[in-house]
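# Structural description and commentary
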Amino acid sequence: MELDKRIAEFHAMYVTKYIDNLKCPLEEKLELMDAVAATVLECEKKQKSNSEIS
């Protein structure tokens, strides 16, 4: 589980840095970050729902 957590942290840092380096307005970057966060939460809900069914 520790490796999963470390990989997730690295991925989050990578995505954050990638978005930060985009040449677009800050507001657009924030919208992208919100979209990423919403996608992650939705995926977590689906995984939790699937694991409860199994």
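Just so it is clear, the model here is predicted, and its values are computed rather than measured.

Definitions and limits used
Throughout this description, residue numbers start from 1 for each chain and increase along the sequence as written. Per-residue local features of the predicted model are confined to residues with pLDDT of at least 70, and side-chain atom pairs are confined, for both listing and counting, to 80 or more; whole-chain, interface and lining totals are unaffected and use all residues. Calculated side-chain values reflect all of the structure's heavy atoms, with hydrogen atoms and water omitted. The numbering of helices and of strands both runs from the N terminus, where a helix is a DSSP run of H or I of at least 4 residues and a strand a run of E of at least 2. When accessible area is computed with a 1.4 Å probe and restricted to protein chains, residues below 20% of their type maximum are described as buried, those above 50% as exposed, and intermediate ones as partly exposed. We score Asp and Glu as negative and Lys and Arg as positive, and we do not count His or the chain ends. One atom stands in for each charge, and that atom is NZ of Lys, CZ of Arg, CG of Asp or CD of Glu. Any Lys or Arg side-chain nitrogen located within 4 Å of an Asp or Glu carboxyl oxygen qualifies as a salt bridge. A contact between two residues is defined here by any heavy atoms of the two lying within 4.5 Å. Each patch is assembled from residues with relative accessible area greater than 30% and no salt bridge, linking like charges that lie within 9 Å and nonpolar side chains (Val, Leu, Ile, Met, Phe, Trp, Tyr) that lie within 5 Å. Note that accessible areas follow from Shrake-Rupley with a 1.4 Å probe, and for residues the cover is restricted to the protein chains shown. Angular values range over 0 to 180 degrees, each being the angle between N-to-C directions of two axes fitted as lines to C-alpha atoms, with helices fitted over their stretch in contact. Any angle that falls under 35 degrees is termed roughly parallel, while one over 145 is termed roughly antiparallel, one within 65 to 115 roughly perpendicular, and all others oblique. Crossing handedness is read from the near helix: turned anticlockwise from the far helix by less than a right angle, it gives a left-handed crossing, and turned clockwise, a right-handed one. Each residue is assigned to one class: nonpolar for Ala, Val, Leu, Ile, Met, Phe, Trp, Tyr, Cys and Pro, charged for Asp, Glu, Lys and Arg, and polar for all the others, Gly among them. Stacked, tilted and edge-to-face are the three classes assigned to paired rings of Phe, Tyr and Trp, where Trp is represented by its six-membered ring and a pair needs centres within 6.5 Å; plane angles under 30 degrees give stacked, over 60 edge-to-face, the rest tilted.

## A word on the overall build of the protein
The number of helices and strands found in the protein is 2 helices and 0 strands. With the principal axes as the frame, the protein shows a C-alpha extent of 45 × 20 × 10 Å. Expressed as a percentage of its 54 residues, the buried residues of the protein come to 4%. Distance between charge centroids for the protein: 4 Å, based on 8 positive and 11 negative side chains.

## A word on the side chain of Lys-29
Take Lys-29: it is sitting in helix α2 (residues 26–53). Asp-20 provides the closest opposite charge to the buried, salt-bridge-free Lys-29, at an N-O distance of 4.4 Å. Discounting chain neighbours no more than four positions away, the residues touching Lys-29 are Ile-19, Asp-20, Leu-22 and Cys-24.

## Some points on a negative patch on the surface
Taken together, the side chains of Glu-27, Glu-28, Glu-31 and Asp-34 present a region of like negative charge at the surface. Structurally, Glu-31 can be placed in helix α2.

## Notes on the packing of helix α1 (residues 2–20) against α2
Between α1 and α2, the least distance of the axes is 10 Å, while the angle of their chain directions is 155°. Comparing the axis directions of α1 and α2 gives the class roughly antiparallel. Helix-helix and strand crossings are classified by hand; for α1 and α2 the assignment is right-handed. Counted together, Val-15, Thr-16, Ile-19 and Asp-20 of α1 and Lys-29, Leu-32, Met-33 and Val-36 of α2 form the full contact between these two elements. Its residues assigned to classes, the contact of α1 with α2 shows 5 nonpolar, 1 polar and 2 charged.

## What about the packing of aromatic side chains?
Under the criterion given, the structure shown has 1 aromatic pair. Between Tyr-14 and Tyr-18, the aromatic rings sit 6.4 Å apart at their centres with planes inclined by 25°, giving stacked as the arrangement. Of this pair, Tyr-14 and Tyr-18 both sit in helix α1, 4 residues apart, which is roughly one turn of the helix.

Interpretation in functional terms is not warranted from these geometric data alone.
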